[in-house]
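Each chain, written out:
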Amino acid sequence: TNYVLLAMIIENITGRSYKQCVEDMIFTPLGMTASSSVSTGDVTSVPEEADGYHMAQHTARGAGDIHSNVFDMLRFDRAYFAGKVVSDASMHTMLTFDSGYGCGWTTDGFCWWNEDGHDADMVFHGGETLSYDCDNIVYRVKGHRVYLIMMNPCFTDKTRSIAELCSEYFC
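Residues numbered from 1 in each chain as written. Predicted model: local features only at pLDDT ≥ 70, side-chain atom pairs only at ≥ 80, totals over all residues. Heavy atoms only, no water.

S.K.: Can you lay out helix 2 (residues 18-30) for me, pointing to particular residues and giving the numbers?
M.R.: Taking 1.5 Å as the rise per residue, helix 2 with 13 residues should run 18 Å; its terminal C-alpha atoms sit 17 Å apart, in good agreement. Its maximal kink placed at D24, helix 2 deviates by approximately 35 degrees. Contact partners of the buried residues in helix 2: helix 1 (2-14), strand 1 (36-37), strand 2 (66-67) and helix 3 (70-81). In the segment just after helix 2, G31 is the residue with positive phi, at about 70 degrees. (Helix = DSSP H or I, 4+ residues; strand = E, 2+ residues; numbered from the N terminus. Expected span 1.5 Å × (residues − 1). Bend = angle between axes of the 7 residues up to and from the residue. Contact = heavy atoms within 4.5 Å.)

S.K.: Got a sec to walk through the pattern of salt bridges? Specific residues and values, please.
M.R.: Per the stated rule, a full pass over the model turns up 3 salt bridges. Residues D24 and R16 are paired through a salt bridge, measuring 3.0 Å at the closest nitrogen-oxygen approach. Note on D24: relative accessible area 45%, which makes it partly exposed. Looking at R16, the relative accessible area reads 31%, which means it is partly exposed. The salt bridge involving E23 is made with K19; its shortest N-O contact spans 3.1 Å. Placement of both E23 and K19 in helix 2 is noted, with a separation of 4 residues, approximately one turn of the helix. On the basis of relative accessibility, which here comes to 25%, the residue E23 falls in the partly exposed class. Since its relative accessible area comes to 29%, K19 is described here as partly exposed. (Salt bridge = Lys/Arg side-chain N within 4 Å of Asp/Glu carboxyl O. Buried < 20%, exposed > 50% of the residue type's maximum accessible area, 1.4 Å probe, protein only.)

S.K.: Please set out the sheet that holds strand 3 (residues 122-128) residue by residue, giving values where relevant.
M.R.: Strand order in the open sheet formed by 3 strands is 3-4-5, and the pairing between neighbours is antiparallel. Of all the strands in the sheet, just strand 3 and strand 5 (144-153) have a single pairing partner and so form its edges. Taking the axes of each pair of neighbouring strands and ignoring which way they run, one obtains an average angle of 10 degrees across the sheet. As judged from the 7 bridges shared by strand 3 and strand 4 (residues 132-141), these two strands associate in the antiparallel manner. (Pairing = 2+ DSSP bridges. Axes fitted to C-alpha atoms, helices over the stretch in contact; angles between N-to-C directions.)

Structure representation (structure tokens):
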């Protein structure tokens, strides 16, 4: 609900659709050519008729409506952590954790983080629809970032097992 509300606020402030804002402000500048928002039947989404998929995509804007692939997700992650997506102040806010949760990112359940809530060894964001899920995990290892992006059909426990193994290794 909060992500849908945020999308509606963006539309109200900009006077443009959420889809247009995401494409013009994120996908195009970052070269994310295999990503879309609030769409069905495009190159990175499933056809409208697919069983179990969110059929009313326009009602999901802001929550579960981004279609992408691992290459575009990696482009986004690298740009985000290079300060090309949000300001330094916004990034600081997003990566300030309260009980393991920041704004869009979490550390909960995977790695230890500093007591002051800053500078986590790992951040995570996941999402799923009725048919697919995506886990986006970014580890900080010896001053470098290691990106683990997994996309697969929902209700398979393989991504969780892989994430746990990587966390044991990197954390």
